[in-house]
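This is what each chain is made of:
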Amino acid sequence: MKKIESIKYSSILVCFLFSLFSYAQQTVSGIITDSQDGTPLPGVNVVVQGTSIGTSSDFDGNYTIQVPNDSAVLVFSFVGYTNQEIAVGGRSTINVSLVEDVNQLGEVVVVGYGTTKRSDITGAVSSVKSEELNEFPVLNVEQALQGRAAGVAVQTNNGGEPGAPIAVRVRGNTSIGASSSSLIVVDGFVGATLPQPGDIESIEILKDASATAIYGSRGANGVILVTTKKGVKGKPSIELNSTYSLQSVAQTLDLLNADQFATYQQAINPAYVQGPANTDWQDLIYDSGSTANHQLSFSGGADNINYYASVNYFDQDGVVINSGFERFSFLSNIDSQVTEKLKMGANLFGSRSIKDGVSSQADTGGRGSGDVISLAYRFAPDLGILDADGNYTFNSVGDDVDNPFAVAVVSVDETKRDEFRANLYADYEIIEGLTFKTTFGYSTVNETRGTFKPSSLITSAGDQGGIAGIANLKRSNTLSENYLTYNKQFGKSDITLLAGYSYQNTITERSSAGAQGFITNSVSYQNLGQGAVPLTPSSEFQQREIISQFGRLNYGFDDKYLLTLTVRRDGASNFAANEKYSFFPSGALGWRVSNEDFLKDNEVISNLKLRASYGVTGNPAIQPYQSLASFRDIYAVVGDQTVNALVPRQAANPNLKWETSYQTNFGLDLGFLDNRFSLSLDVYNIDTEDLILRDASIPEYFGFEVASFKNIGEISNKGVEIALTTRNISNENFSWTTDFNWSRNRNRIEKLIEGDDIILDASPGHFIQDETHILREGEPVGVFYGFVYRGVYQGGAFPDGTASFSSNAGDELFADLNGDGIINSNDKTIIGDPNQDWTAGLTNTFRYKNLDLTIFFQGAYGGDIFSFTNLELASGGSNATTEALDAWTPTNTNTNVPSAANREKRITSRFVYDGSYIRLKNIALGYNLPTNIVEKLGMDKIRLGISGQNLWTITDYPGADPEVSYRASGNQNSNVNQGFDYGNYPNIESITFTVNLKF
């Protein structure tokens, strides 16, 4: 009986305590979103501090949790975001906005053929986030990289031209004759075209040899790894991103008007008669432009399959009349867990673009030629568009050239380009920790460019009766890669092994045809057969194969000591018979000092890692067949017959081998105060040997048209890179973060052919110059070469150390470097260095509740510019800048501007300018509508934004824009032709409106 009563009372006590506990418990619920754009965050861990009570948010960011009492504290944690701790305080609804962790050490980073935690990286790797790529509208992803990562230089080949190609370089020029552009890898496809910014999840930039050696012969210039967006498990999501930009020319030149021009020309030629008009040619060819960019994406997933698909439409109406670019593209990713061990997927990309171009950056501008931009500067302002007979005017001074408005309006330059890429993969887990992945990819490019100059352009096509041409390009790329990956933990050791094989085959075909003498201008280039005189056609075929074996070891011990060893062996068909294969190893060490016992609990230093690496990478350097003997076709006469014949063009070199870069890197990663302040510092040295150059020492009487290629040069690059991120303020309602990067690179030519200078020419053909810049041992690449300007000759005896080409007062005065009293080629010297001293980027991001503001500055210090434009405008045979109003006269002697005269276009230091600048690259204001409003509309997110691009630039450069790139396309030109300005398409400033909707 007592036992029964004991049980009864015990049961009553338990029920009482249970009731008491149940009464004390309460339910808390809410929505967890991203503080930046208000997107719901699924899978966020929510835990009651000090207990095992926890839950996670669903696909829509909703969570519900039982808490024991009002004093409970909820801890919200999610990968890539800063943890938040919030006291319940009697509330039943707690909505949370998580702030992104700007230096999340546990973040997974993509590296070549795999992934790793950021904390385990031993090489130099920079990451650019998806949000940064989409802060303002750009045609190419490369444009969005400018100023975002230390050591990464981005340069458009033609200012703000719609569809202009972009060059990306990592850590300077590692070559002279070969390309220094970085290798691009998209979802594992080597050499792929970059997708739209809105399709990109992340970009990793591999910079040192430890990171890039896995790509061997193509890793010397850095590697850009792009990962596109994937679907996630949950309900289907539809997202619409739409932007519209109003654009205008950022800067024009101050030129003479008709009256000033007439006075200027009459000072040169008193018989000059002023024309009947007063035309601002810049105002005629420049117009307001616009850009529309619309992207619609679909994503989602189920238990065994995830999908992402998008379509994009981009349309840019250029700021130069008759220029524009239109593109339609799509991308899709499908990933399927076929079985427990087998995963398969496919990545598809395609685009169709049409570019309407206007001529710019002409490499000749003599009679009948010239580009729209330089013609607008040169052309006489006292002439109108049409003459008295209704024909387009041509210039009244200097070269006979058509007026720029006519060239822009009636010329045709249309490029149509189709691209398609498919990449398939299968990933199979053989045993626990061991997986095999195989990929197969194929891409193709088809491009047609049609050009036409009608006979109404009197000086350029009138005598020929119109000129038309078509050029075709077809390129296919096949890639197959297979590799094994093994991951295993042994006690405190963590090991990852990678071994693989790669095969890539690229085929390029080109052809062109043309005609002149058309009966009508209405057919443009579409009917070459109508031309009375066919022009010589051409065709070309190239094939290149690369076969590779590669491997990598990543070893970590006790989460403190890190080791990476990488090796790749490449064989390429474009190299000589005796040197087709080469070996590219690298090694790196890392020490996570902050995990040592003596520093682990330090309240100030939250992260400290030391890195060191050394490795060898290569550059393919040459096109197919360039190590072989070659011939060229000529016309010859046999008897009284004209026949085709062949003559030697180039001798063979069976020992031509790869350009090879030997790179050393020392790095430091440092975090303070729970990584509120994070610093990354890298110091590097790159020595590139066996540069491939043409051996000009071979005598011409050997009978070859061009010298053969040989490995006869060396170049070095030394630099420092700093990346600093600070989380200045971070709380529930307001945050302020700062990202700053700074880099300095110094290149130097160490060795050339027999130590001899190589003098180069980048001037427009009608300048009739052959020496503009020079390659010299001990100097940077591509320094300017010419005469040193010493002001204006005042008459009488020349000042000490000077002389002139004439004895006329008011003429140019130059430094007489050898003291012989005359100015000739012996007085030429280095007059400028186009290589920038340093570059930097600074981004400040402010967020207050649903409002955010981003301010992004980008700039460069040093880097001289040689202005062919100003040289031409100061030579008398064209219009001139308003500087001519201060020209020397007998009554105006206190000036640095020579008298008005027709002068030879000499390369002098007078036209070398400091190219330093600071630019407000982007300022953007965005607002996310509150969740309760968005939900009532049946949507997940509504975001509105307004931004401005290139609104403010500080520079002393007197030209249109300090970011210049005349004749800088092509392999050698991209390295040595730096800092020249002539006929560049103008840079643009924009105001952009943005709408982002998610369902």
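Residues numbered from 1 in each chain as written. Predicted model: local features only at pLDDT ≥ 70, side-chain atom pairs only at ≥ 80, totals over all residues. Heavy atoms only, no water.

**Q** Sorry, what's going on with the overall build of the chain here?
**A** Check the secondary structure of the chain and you find 12 helices and 52 strands. A globule of 999 residues ought to have a C-alpha radius of gyration of about 30 Å, and the chain, at 33 Å, matches this closely. For the chain, the spread of C-alpha atoms along the three principal axes comes to 135 × 65 × 65 Å. Nonlocal contacts in the chain, meaning residues at least 24 apart in sequence, comprise 69% of its contacts between residues at least 6 apart. Surface exposure of the chain reaches about 43,100 Å², of which carbon and sulfur atoms provide 54%. Across the chain, the mean location of the 72 positive side-chain charges is 9 Å away from that of the 111 negative side-chain charges. (Helix = DSSP H or I, 4+ residues; strand = E, 2+ residues; numbered from the N terminus. Rg over C-alpha atoms; globule rule 2.2 N^0.38 Å. Contact = heavy atoms within 4.5 Å. Areas by Shrake-Rupley, 256 points an atom, 1.4 Å probe, with all protein chains shown as cover. Lys, Arg positive; Asp, Glu negative; His and termini not counted. Charge placed at Lys NZ, Arg CZ, Asp CG, Glu CD.)

**Q** Please clarify how the sheet that holds strand β43 (residues 812–815) should be interpreted in this entry.
**A** Within a sheet, each strand pairs with its neighbour through backbone hydrogen bonds, oriented either parallel or antiparallel. Ordered in space as β41-β43-β42, the three strands form an open sheet in which the pairing is antiparallel. Either end of the sheet is taken by a strand with one partner, and the two such strands are β41 (789–792) and β42 (802–803). Relative to β43, β41 runs antiparallel, the two being bridged by two bridges. Within the sheet, the bridge partner assigned to Y789 lies in β43 and is F814. (Pairing = 2+ DSSP bridges.)

**Q** In this structure, what is going on with unusual backbone geometry? I would like to understand it.
**A** Only a minority of non-glycine residues have a phi that is not negative, and only a minority of peptide bonds are not trans. Although it is not a glycine, D674 adopts a positive phi angle of roughly 55°. Owing to a relative accessible area of 58%, D674 belongs among the exposed residues under this scheme. Not every positive phi belongs to a glycine, and D690 is a case in point at roughly 60°. Position of D690 among the secondary structure elements: in the loop between β33 (677–689) and β34 (692–694). (Buried < 20%, exposed > 50% of the residue type's maximum accessible area, 1.4 Å probe, protein only.)

**Q** Before we go on, may I ask you to explain helix α5 (residues 258–268) in this structure?
**A** Of all the positions in α5, only A258, F261, A262, Y264, Q265 and I268 are classed as buried. Angular distribution of buried residues about the axis of α5 spans 165°; they occupy a single face of the element. Across from the buried face of α5, at angles greater than 90 degrees, the exposed residues are D259, T263 and A267. In this fold, the buried residues of α5 make contact with α10 (868–873). Between a side-chain oxygen at the N-terminus of α5 and the backbone nitrogen of D259 the separation is 3.2 Å; the capping residue is N257. (Arc of directions from axis to C-beta. Polar contact = N/O pair within 3.5 Å; in protein donor to acceptor, adjacent residues only side chain to side chain.)

**Q** Hey, could you run me through the side chain of N975 in this one?
**A** Relative to the elements of secondary structure, N975 occurs in helix α12 (residues 971–976). Polar contacts involving the side chain of N975 include one to the main-chain carbonyl oxygen of I176, which spans 3.1 Å. In this structure the side chain of N975 is engaged in a polar contact, spanning 2.6 Å, whose partner is the side chain of S180. Setting aside residues up to four positions removed in sequence, N975 forms contacts with R169, N173, S175, I176, G177, A178, S180 and V781.

**Q** Honestly, the sheet that holds strand β5 (residues 73–77) in this entry has me stumped. Any pointers?
**A** Strand order in the open sheet formed by four strands is β3-β2-β5-β6, with antiparallel pairing between adjacent strands. Edge positions in the sheet fall to β3 (54–56) and β6 (84–87), since each has one partner strand and no second. Adjacent strand axes in the sheet meet at a mean angle of 20°, parallel and antiparallel pairs treated alike. Bridge count between β5 and β6: four bridges; the pairing is antiparallel. Its bridge partner being in β6, V75 is matched across the sheet by E85. (Axes fitted to C-alpha atoms, helices over the stretch in contact; angles between N-to-C directions.)

**Q** Hey, could you run me through the environment of V111 in this one?
**A** Position of V111 among the secondary structure elements: in strand β8 (residues 108–111). Each C-alpha atom, one on V111 and one on H766, is 49 Å from the other, the two residues being 655 residues apart in sequence. Not counting residues up to four positions away in its chain, the partners in contact with V111 are T116, L225 and R552.

**Q** Which parts of the structure should I look at to understand the packing of aromatic side chains?
**A** Any pair of aromatic rings gets described here by the distance separating the centres and the angle formed by the planes. Under the criterion given, the structure shown has 31 aromatic pairs. Between Y63 and F76, the ring centres sit 5.6 Å apart and the planes meet at 80°, which makes this aromatic pair edge-to-face. Taken as a pair, Y63 in strand β4 (residues 62–67) and F76 in strand β5 lie far apart in primary sequence, 13 residues in all. Each member of the pair Y63 and F76 is classed as buried. With a centroid separation of 5.1 Å and 10° between ring planes, the pair formed by F868 and F980 is classed as stacked. Here F868, found in helix α10, pairs with F980, found in strand β51 (residues 980–981); they are 112 residues apart in sequence, far enough to count as distant. Look at F868 and you get buried, because its relative accessible area is 0%. Residue F980 is classed as buried on the basis of its relative accessible area of 1%. Put simply, the rings of F767, F784, F866, F868, Y966, F980 and Y982 touch in pairs and so form one group of aromatic residues. (Phe/Tyr/Trp six-rings, centres within 6.5 Å; stacked < 30°, edge-to-face > 60°.)

**Q** What am I meant to see in a negative patch on the surface here?
**A** Judged by side-chain charge, D280, D283, D287, D315, D317, E326 and D356 come together as a negatively charged surface patch. Relative to the helices and strands, D315 is located in strand β19 (residues 305–317). (Patch = residues over 30% accessible without salt bridge, like charges linked within 9 Å, V, L, I, M, F, W, Y side chains within 5 Å. Salt bridge = Lys/Arg side-chain N within 4 Å of Asp/Glu carboxyl O.)

**Q** Is there a simple way to think about the pattern of salt bridges in this case?
**A** Pairing is possible between side chains that carry opposite charge, provided their charged atoms lie close to one another. Following the criterion strictly, the structure yields 36 salt bridges and no others. We note a salt bridge from R568 to D570, for which the minimum N-O separation is 2.9 Å. Exposure remark for R568: the relative accessible area of 1% places this residue in the buried category. Salt bridges here are not isolated pairs; linked through shared partners, they connect K609, R611, D669 and D682.

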